[in-house]
Amino acid sequence: MSDLFTQSAIIAVIAGGIRLAVPLLVASLGETYGQRSGVLNLGVDGIMLLGAFGGYYTVLKTGSPWLGLLVGIGIGIIMGLVSALMAVTLKAEQGISGIGVFLFGLGFSDLLFQKWVGTPRPITKFPKLDIPGLSDIPWLGEMFFQHSVVIYLAFAAIPFSMWVINKTTFGMNIRAVGENPEAADSLGVSVSRVRWATVTIGGTLAGVAGAILAIDLGIFQQNITNAQGFIAIALVYFGAWRPLGIMLGSLLYGLVNALVLQMKVLEIIPNDWSDIAAMTPAVITILALVVVASRFSPPSALTKPFTRGA
Amino acid sequence: MTSLDEVQKRRLLAYSVPILAVLSALVIGAIMLIALGADPIKGFSKLFSGAFGSTSALTETALKATPLLFVGVGITIAFRANVINIGGEGQMVAGGLLSTIVALNAPDLGPFILIPLVLLAGLVGGAIWGAIPGALKAYYGVNEILSTIMLNVVAVQLMNYLLRGPLIDPLEVEKGTRIPQTERLLESADLPRLFGSGRFHIGPLVAILAAVVAYILLWRTPIGYRIRAVGQNTSASRYAGIPVKRTIVLALTMSGALCGLAGAVLVFGSESHRMVTDGSTAGFTGSAGFNGIVAALFGGLHPLWTIPASFLFGGLLVGGLALQRAVQVPSALILALNGLVVIFVVSSDRFRKRLLERPPVVIEDDDNAQPTAVASSADPPGPAGGADPGGGET
């Protein structure tokens, strides 16, 4: 156990935790837009898988992680539009339609991987950026300021989203549509247009999250997300539909995962118990949902399609 | 007043909606096949002959339909209480595990005691896995969609842990191969085969029986009445003195119990007569926990209609395997096609519901309120009256 409190182990856990938090952070930030406007998109995991494969394959062929990220964005936009069509225009049952997207993403990404790639080959990762000055600080430098570029960008998206949701007209419309679509509609806000926009933003960020996940790991495999997309949805609840809460939740997840990983490396957790250890995130999620549900309530119109005059 | 013919025409149209949805999904599947350089015509003719073309094909279809029917009926019960159970996968695993544990520890009591016992164990395992999200929803306000998904994750890890560790076949440890599976379970617990030496066992019949029981429960008993009342109008039910919270827990528990039964039937009806994991839930369930939801929607959330719906859907899955083998594309294609079918069926469900509503005064106009209060667009998880293809009143 004492091995866990060495400098290298502690730094590995914190730096690793931040890295592992980023795909979750990006995906759940995207999901927040949709949920604040009243749409629960359960397809995040499927979109992440498609984005992950698209990103991986692009980097494999071109060698450019940035091009891979761009493809992740493109796939995210397409899948976001499809999700919006289902949830907003066709008013599909939101608890189920996303499962279809998930199954499709799981199968299709694996299909293309087997057909086009076959055996996993490592790819170029995102470049690292040591923040000048700060990265030389002992302990803290290694933990916080020696990451790849996308990680800083992802954290920058938090204050940006706070500003969008809380300070802009678009953000006000999102909140209005999510809490009281009838009232928003009577004031001339197009409920469906706002929801199309938020669900597309959510899909885009899910695609980005998948691409970041695969390119950061430098690899793709079947079901690479391992239910992270679903955890990202739960994190939106965990963070009480607020970007800052979501950041804290993602970091907590990242840290727990990094800690479990480190404990496995140091053989504190015996191999036989690794399946039990793998339950931790899901169990924490359930407990967190219990705690959050008693304090915060979701947007009133969440999962309710809007029909004027109904 | 519209004539009866008009109503019948709308109903017929309504029933064809999910079928059209599946066909649309298959068209996209065909495009995918062309893109992969495979012959879609050859593939799809294999799909149909592989599903319904021979006695052995029909047997496979019936066996594949069995877990779908259990899950579909379970989902229907939850849906009628306005609870969405996405946890079928985990509940199937829990049922499979508990029934396996019982079979591993029970003495050989003979088939007449052992078979009901292991099925009961499956039922209990699934019921526990359904009761947890039920209680969390009723008493703590936890969204059941999220909690059931998380319990799916917990269940698969529990399965992997048990089958790689405590429950592993001692022979696998001895040989050093360590395939995560149990030893061959007691022979007297094997589900009896019917029709001679074929693979057909009593599982499908148990599932049909379960559907009939669920139908009686939902429409002929006070419990069923309460479940449907809570599903249609929670606050009115509360004023009427129905114990809403307990009813929600009960609905999810029964829903889980049926999924657990599906898990037990998978274990004791399997060829290898043991529980095996490939590390994923789908490896054990074949995604029946999700596909059962589609079968339930297909069947208009009615237990009896879910019987033919499951059979059709089981055929699609069995035929999909034949298709994949014939045109030699990776089996992941089935999963992708499966997802497309879910997407299309769920997205078209609204049109079906609308056709089943009493004919509106003004058609094609969103701005006018629908004449029926039940199943109006304001309550989306609409297991309410409109979705009922006629079983409610008869």
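Residues numbered from 1 in each chain as written. Chains lettered and ligands numbered in written order. Predicted model: local features only at pLDDT ≥ 70, side-chain atom pairs only at ≥ 80, totals over all residues.

Q: In this structure, what is going on with the overall build of chain A? I would like to understand it.
A: Regarding its fold elements, chain A presents 13 helices and 2 strands. A compact globule built from 310 residues should have a C-alpha radius of gyration of about 19 Å, and chain A, at 20 Å, falls within 12% of that. Overall, chain A is about 65 × 45 × 45 Å in size when its C-alpha atoms are taken along their principal axes. Look at the contacts in chain A between residues 6 or more apart in sequence, and 79% of them connect residues 24 or more apart. (Helix = DSSP H or I, 4+ residues; strand = E, 2+ residues; numbered from the N terminus. Rg over C-alpha atoms; globule rule 2.2 N^0.38 Å. Contact = placed C-beta atoms within 7 Å.)

Q: What am I meant to see in the overall build of chain B here?
A: Looking only at helices and strands, chain B features 15 helices and 0 strands. Per-residue burial over chain B gives 55% buried out of 394 residues. Across chain B, every contact between residues at least 6 apart in sequence was considered, and the portion connecting residues at least 24 apart equals 77%. (Buried ≥ 20, exposed ≤ 12 C-beta atoms within 10 Å, placed from the backbone.)

Q: Quick question: what am I supposed to make of the packing of helix H5 (residues 111-140) of chain B against helix H11 (residues 244-268) of chain B here?
A: In helix packing, the relevant descriptors are the interaxial angle and the interaxial distance, both defined with respect to the helix axes. Residue and element names in this part refer to chain B. Running from N to C, H5 and H11 point in directions that differ by 145 degrees, and their axes come no closer than 5 Å. Seen along the crossing, H5 lies across H11 with a hand that is right-handed. Looking at the contact of H5 with H11, its residues break down into 21 nonpolar, 10 polar and 2 charged. (Axes fitted to C-alpha atoms, helices over the stretch in contact; angles between N-to-C directions. Left-handed = near helix turned anticlockwise from the far one by under 90°. Nonpolar A, V, L, I, M, F, W, Y, C, P; charged D, E, K, R; others polar.)

Q: Looking at this model, I keep getting lost on the interface of chain B and chain A. Mind explaining?
A: The extent of an interface is frequently quoted as the accessible surface area lost upon association of the parts. Each partner contributes to the interface: chain B provides 48 residues, whereas chain A provides 46 residues. Where the side of chain B that touches chain A is concerned, the elements lending two or more residues are H5, helix H6 (144-164), helix H13 (288-298) and helix H15 (332-356) of chain B. Here the residues of the side of chain B that touches chain A sort into 29 nonpolar, 14 polar and 5 charged.

Q: Where do I start with H15(B) in this structure?
A: A turn of α-helix holds 3.6 residues, and therefore any two residues three or four places apart point the same way. Residues and elements named next belong to chain B. Taking 1.5 Å as the rise per residue, H15 with 25 residues should run 36 Å; its terminal C-alpha atoms sit 36 Å apart, in good agreement. Approximately 35 degrees is the largest bend angle found in H15, and it occurs at Asp349. The buried fraction of H15 is high, at 21 of 25 residues. (Expected span 1.5 Å × (residues − 1). Bend = angle between axes of the 7 residues up to and from the residue.)

Q: Can you help me understand helix H11 (residues 243-265) of chain A in this one?
A: All names here are of chain A. Under the 1.5 Å per step criterion, the end-to-end length of H11 is 33 Å for 23 residues, consistent within 8% with the ideal 33 Å. Those residues of H11 that fall on the buried side of the exposure criterion are Pro243, Ile246, Met247, Gly249, Ser250, Tyr253, Gly254, Asn257, Ala258, Leu259 and Gln262. Those residues of H11 that are buried lie in contact with helix H1 (7-36), helix H6 (149-167), helix H10 (228-238) and helix H13 (280-295).

Q: Mind showing me how you'd approach unusual backbone geometry here?
A: Peptide bonds are trans in most cases, and residues, glycine excluded, mostly fall at negative phi. All names here are of chain B. The backbone of Asn82 sits at a positive phi, close to 65 degrees, despite the residue not being glycine. We note that Arg178 has phi near 50 degrees; this positive angle belongs to a residue other than glycine. When you line up the elements, Arg178 lands in the loop between helix H7 (170-175) and helix H8 (203-220). For Arg178, a count of 11 C-beta atoms within 10 Å corresponds to the exposed category.

Q: In this structure, what is going on with the environment of B:Gln91? I would like to understand it.
A: All names here are of chain B. Relative to the assigned elements, Gln91 resides in helix H4 (residues 88-105). Note: C-alpha distance between Gln91 and Arg11 (80 residues apart in sequence) is 34 Å. Discounting chain neighbours no more than four positions away, the residues touching Gln91 are Gly126, Trp129, Gly130, Gly256, Cys259, Gly260 and Gly289.

Q: For this particular structure, what's the right way to read the packing of helix H4 (residues 94-117) of chain A against H15(B)?
A: One can describe the packing of H4(A) onto H15(B) by two numbers: an axis separation of 7 Å at closest approach and a directional angle of 155 degrees. When the interaxial angle is binned, H4(A) and H15(B) end up roughly antiparallel. Crossing of H4(A) over H15(B) shows left-handed handedness. A class-by-class count of the residues in the contact of H4(A) with H15(B) yields 17 nonpolar, 7 polar and 1 charged. (Parallel < 35°, antiparallel > 145°, perpendicular 65-115°, else oblique.)

Q: What is the right way to look at the confidence of the model for chain B in this model?
A: Detailed reading of the predicted coordinates is not advisable wherever pLDDT falls low. Residues and elements named next belong to chain B. Averaged over every residue, the pLDDT of chain B is 86; residues scoring 70 or more account for 89%. Within chain B, the element-level pLDDT minimum falls on helix H1 (residues 4-35), averaging 85, and the maximum on H11, averaging 97. Across residues 365-394 the pLDDT falls below 50, and counting only partners more than four positions away or on other chains, this stretch makes 75 contacts in the model. Among the prediction metrics, the complex's ipTM stands at 0.89, with pTM recorded as 0.86. (pLDDT = per-residue confidence, 0-100.)

Q: Is there a simple way to explain the environment of A:Leu134 in this structure?
A: All names here are of chain A. Topologically, Leu134 is positioned in the loop between strand S1 (128-130) and helix H5 (140-144). Owing to 12 C-beta atoms within 10 Å, Leu134 belongs among the exposed residues under this scheme. As a C-alpha pair, Leu134 and Ala183 span 49 residues in sequence and 49 Å in three-dimensional space. Sequence-distant contacts of Leu134, defined by excluding residues within four places in its chain, comprise Gly141 and Phe145.

Q: Looking at this structure, how should I read the environment of A:Ser135?
A: All names here are of chain A. Relative to the helices and strands, Ser135 is located in the loop between S1 and H5. According to the C-beta neighbour criterion, Ser135 is partly exposed, with 16 such atoms within 10 Å. A C-alpha to C-alpha distance of 49 Å links Ser135 and Ala92, two positions 43 residues apart in sequence. What Ser135 contacts, discounting residues up to four positions off in sequence, is Asp130, Gly141, Phe145 and Gln146.

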